[in-house]
Amino acid sequence: MLSVAGADHIITMDLHASQIQGFFDIPVDNLYAEPAVLKWIKENIPEWRNSIIVSPDAGGAKRVTSIADRLNVEFALIHKERKKANEVASMVLVGDVKDKIAILVDDMADTCGTIVHAADRLVEAGATKVYAILTHGIFSGPAISRINNACFEAVVVTNTIPQDGHMRDCPKIQCIDVSIMFAEAVRRTHNGESVSYLFSNVPY
């Protein structure tokens, strides 16, 4: 639809599967929220050096290892076995979160069942605080009430989806503004400069 509508270049962020870029016959720049996430962690979690980065599922292992490496902290992951779609059966934590600040990182949160379960699991395992950082905050159905009732210090999302309404309904939700990254990607594309600089740096 985008190609047929006349787009000749696409800039997006944290595609759920990076292979999606290959379905286009026009250039696609898939930006990463990771540089902005690292900046947020360092500026907003004073004890971030005693943190552990946690993936709520095995699929996000690559994302959390990358962030953990750049912060020089450990990582853990939660292995979940699903009985059927949208229903989590059991969760096994791989890694030691005892007496650490657990930072759950994922690319998106829809109904938030998984991350709320994961947060409970981390507290059971001895984590002192739990944060969640998600690129795309969809927050459909019972998501907001689940977050309000969960044990998160903060649930941090970017504004790839407008968050003003969600932030009004849930004081735990905080927002990272990524508009500057998109603006810089557009500027760099327009001027023929390297966009890959933005894969590991924040332009502000």
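Going by the structure above, here's the rest.
Notes on the structure in this doc start here. Quantities reported herein were computed from a predicted structural model and do not represent experimental measurements. (Residues numbered from 1 in each chain as written. Predicted model: local features only at pLDDT ≥ 70, side-chain atom pairs only at ≥ 80, totals over all residues. Heavy atoms only, no water.)

1. Re the overall build of the protein
Logical step 1: Helix and strand counts for the protein come out as six helices and nine strands.
Logical step 2: For 204 residues, the compact-globule estimate of 2.2 N^0.38 gives 17 Å, and the protein sits close to it at 17 Å.
Logical step 3: Judged by the C-alpha coordinates and their principal axes, the protein covers about 50 × 35 × 30 Å.
Logical step 4: Of all 204 residues assigned to the protein, the portion counted as buried reaches 44%.
Logical step 5: Here the contacts in the protein between residues at least 6 apart in sequence split such that 54% fall between residues at least 24 apart.
Logical step 6: Of the roughly 10,500 Å² of accessible surface on the protein, 52% is carried by carbon and sulfur atoms.
Logical step 7: If the 19 positive side-chain charges of the protein are averaged to one point and the 25 negative ones to another, these points end up 4 Å apart. (Helix = DSSP H or I, 4+ residues; strand = E, 2+ residues; numbered from the N terminus. Rg over C-alpha atoms; globule rule 2.2 N^0.38 Å. Buried < 20%, exposed > 50% of the residue type's maximum accessible area, 1.4 Å probe, protein only. Contact = heavy atoms within 4.5 Å. Areas by Shrake-Rupley, 256 points an atom, 1.4 Å probe, with all protein chains shown as cover. Lys, Arg positive; Asp, Glu negative; His and termini not counted. Charge placed at Lys NZ, Arg CZ, Asp CG, Glu CD.)

2. Details of the layout of surface pockets
Logical step 1: Taken as a whole, the largest pocket spans an internal volume of roughly 1,000 Å³.
Logical step 2: Looking at the largest pocket, it is lined by 40 residues, and the ones nearest its centre are His 16, Arg 63, Asp 106, Asp 107 and Met 108.
Logical step 3: Split into classes, the residues belonging to the lining of the largest pocket amount to 14 nonpolar, 13 polar and 13 charged. (1 Å grid on protein atoms, 1.4 Å probe; cavity = no way out; pocket = protein on both sides within 12 Å on 5 of 7 lines; lining within 4 Å. Points joined across faces, edges and corners; volume = space filled by probe spheres on them. Nonpolar A, V, L, I, M, F, W, Y, C, P; charged D, E, K, R; others polar.)

3. A look at unusual backbone geometry
Note on backbone geometry: most residues besides glycine have negative phi, and most peptide bonds are trans.
Logical step 1: Of note, the phi angle at Asn 72 is positive, near 60°, even though the residue is not glycine.
Logical step 2: Relative to the assigned elements, Asn 72 resides in the loop between helix H2 (61-71) and strand E4 (74-84).
Logical step 3: Backbone geometry at Phe 139 places phi at a positive 50°, although glycine is not the residue there.
Logical step 4: With respect to the secondary-structure elements, Phe 139 resides in the loop between strand E7 (129-137) and helix H4 (143-149).

4. With respect to H2
Logical step 1: Turning to H2, its buried residues number three or more, namely Val 64, Ile 67, Ala 68 and Leu 71. Along the long axis of H2, the arc covered by the buried residues comes to 100°, so they all point the same way. The outward face of H2, more than 90 degrees from its buried face, is lined by the exposed residues Lys 62 and Asp 69.
Logical step 2: Of the residues flanking the end of H2, it is Asn 72, one or two places downstream, whose phi is positive at about 60°. (Arc of directions from axis to C-beta.)

5. Focus on helix H6 (residues 179-190)
Logical step 1: Its 12 residues give H6 an end-to-end C-alpha distance of 16 Å, which sits within 8% of 16 Å, the value for a rise of 1.5 Å per residue.
Logical step 2: Burial in H6 covers these residues: Met 181, Glu 184, Ala 185 and Arg 188. In an axial view of H6, the angular spread of the buried residues amounts to 105°, which keeps them on one side of the axis.
Logical step 3: Contacts made by the buried residues of H6 are with strand E1 (10-13), strand E2 (28-31) and helix H1 (34-44).
Logical step 4: Taken from the residues just after H6, Gly 192 is the one with a positive phi, measuring 70°. (Expected span 1.5 Å × (residues − 1).)

6. Focus on the environment of Asp 96
Logical step 1: Locating Asp 96 in the fold gives a position in the loop between strand E5 (87-94) and strand E6 (101-109).
Logical step 2: A polar contact of 3.1 Å, which involves the side chain of Asp 96, links it to the backbone nitrogen of Lys 98. (Polar contact = N/O pair within 3.5 Å; in protein donor to acceptor, adjacent residues only side chain to side chain.)

Any functional reading would require information beyond the geometric quantities listed.
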